[in-house]
Amino acid sequence: MKVQSTTLFAVLCTVAAFAALIAGWLFVGSPGEARLVRFDAIRATDLASISRIIANYRLTSETLPQTLDDLQRSQPNAGLSFRDPVGQAYEYAVKDSFAYELCATFDRAADLTTGSTRSYSIFEKHGLGRQCFSLEARPPSRR
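Residues numbered from 1 in each chain as written. Predicted model: local features only at pLDDT ≥ 70, side-chain atom pairs only at ≥ 80, totals over all residues. Heavy atoms only, no water.

(A) A look at empty space enclosed by the protein. Counted under the stated rule, the structure contains one cavity of 30 Å³ or more. Every residue lining the largest cavity is listed: Asp-84, Gln-88, Ala-89, Tyr-90, Glu-91, Cys-103, Ala-104 and Thr-105. A per-element tally of the lining of the largest cavity places strand β2 (residues 99-106) first, with three residues. For the lining of the largest cavity, the per-class residue count stands at four nonpolar, two polar and two charged. (1 Å grid on protein atoms, 1.4 Å probe; cavity = no way out; pocket = protein on both sides within 12 Å on 5 of 7 lines; lining within 4 Å. Points joined across faces, edges and corners; volume = space filled by probe spheres on them. Helix = DSSP H or I, 4+ residues; strand = E, 2+ residues; numbered from the N terminus. Nonpolar A, V, L, I, M, F, W, Y, C, P; charged D, E, K, R; others polar.)

What follows is the structure, given as structure tokens:
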């Protein structure tokens, strides 16, 4: 029995397609893994934005907001989300007149020890699970 060239070509194309899928999965990761990494990036960006708004709030009102709801009411047009991509609220706690803490739950640990010259926010380097960042919103020093 002789195999036709079109059948052989179809089989080889199918094998090549499966090999490409497996190679992509090994090098890039699964779509689910990519989604978790993307969600963590959104969390880090949200926390950085929230911390900037808190600093601005502190400059204008000379106090820290007591809750994220207070912050959101003071910035109704900021377009900022105070919930992560899966709907879990970010945590915020005032420590003293300048210090506060922002917390989020991350799906993957991210250790940015690459040789990149890019300036990363402190939120982009985080562990797995609930992570809290201690921050301060001090007014600029007067000279």
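There's more to say after this.
(B) Layout of the packing of aromatic side chains. Scanning all chains against the criterion turns up three aromatic pairs. Ring geometry for Phe-106 against Phe-133: centres 6.4 Å apart, planes inclined by 85°, an arrangement best described as edge-to-face. Of this pair, Phe-106 sits in strand β2 while Phe-133 sits in strand β3 (residues 129-136), placing them 27 residues apart in sequence. Each member of the aromatic cluster is reached from another via a ring pair, and the members are Phe-106, Phe-123 and Phe-133. (Phe/Tyr/Trp six-rings, centres within 6.5 Å; stacked < 30°, edge-to-face > 60°.)

(C) A look at the pattern of salt bridges. In this structure the tally under the stated criterion is eight salt bridges. A salt bridge links Glu-91 to Arg-130; the nearest nitrogen and oxygen atoms lie 2.6 Å apart. Residue Glu-91 is located in strand β1 (residues 91-94), and its partner Arg-130 is located in strand β3; the two are separated by 39 residues in the primary sequence. We note a salt bridge from Lys-95 to Glu-101, for which the minimum N-O separation is 3.8 Å. Using a relative accessible area of 52% as the deciding quantity, one classes Lys-95 as exposed. Exposure remark for Glu-101: the relative accessible area of 18% places this residue in the buried category. Residues participating in the shared-partner salt-bridge network are Asp-40, Arg-43, Asp-84 and Asp-107. (Salt bridge = Lys/Arg side-chain N within 4 Å of Asp/Glu carboxyl O. Buried < 20%, exposed > 50% of the residue type's maximum accessible area, 1.4 Å probe, protein only.)

(D) The arrangement of the nonpolar core in detail. Among the nonpolar cores identified, the biggest contains 22 residues, and Leu-47, Ile-50, Ile-54, Leu-71, Tyr-100, Leu-102 and Phe-123 are the most heavily contacted of them. Secondary structure elements with two or more residues in this core: α2 (31-61), α3 (68-74), β2 and β3. Of the residues forming this core, the biggest block, seven residues, is contributed by α2. (Core = buried A, V, L, I, M, F, W, Y, C linked by side-chain atoms within 4.5 Å.)

(E) Quick look at the state of the cysteines. The tally for this structure, following the rule as stated, stands at one disulfide. With a sulfur-sulfur separation of 2.0 Å, Cys-103 is cross-linked through a disulfide to Cys-132. Handedness here is read from the sign of the S-S torsion; for Cys-103 and Cys-132, about 110°, the answer is right-handed. Separated by 29 residues along the polypeptide, Cys-103 in strand β2 and Cys-132 in strand β3 bring together distant segments of the chain. (Disulfide = S-S within 2.5 Å.)

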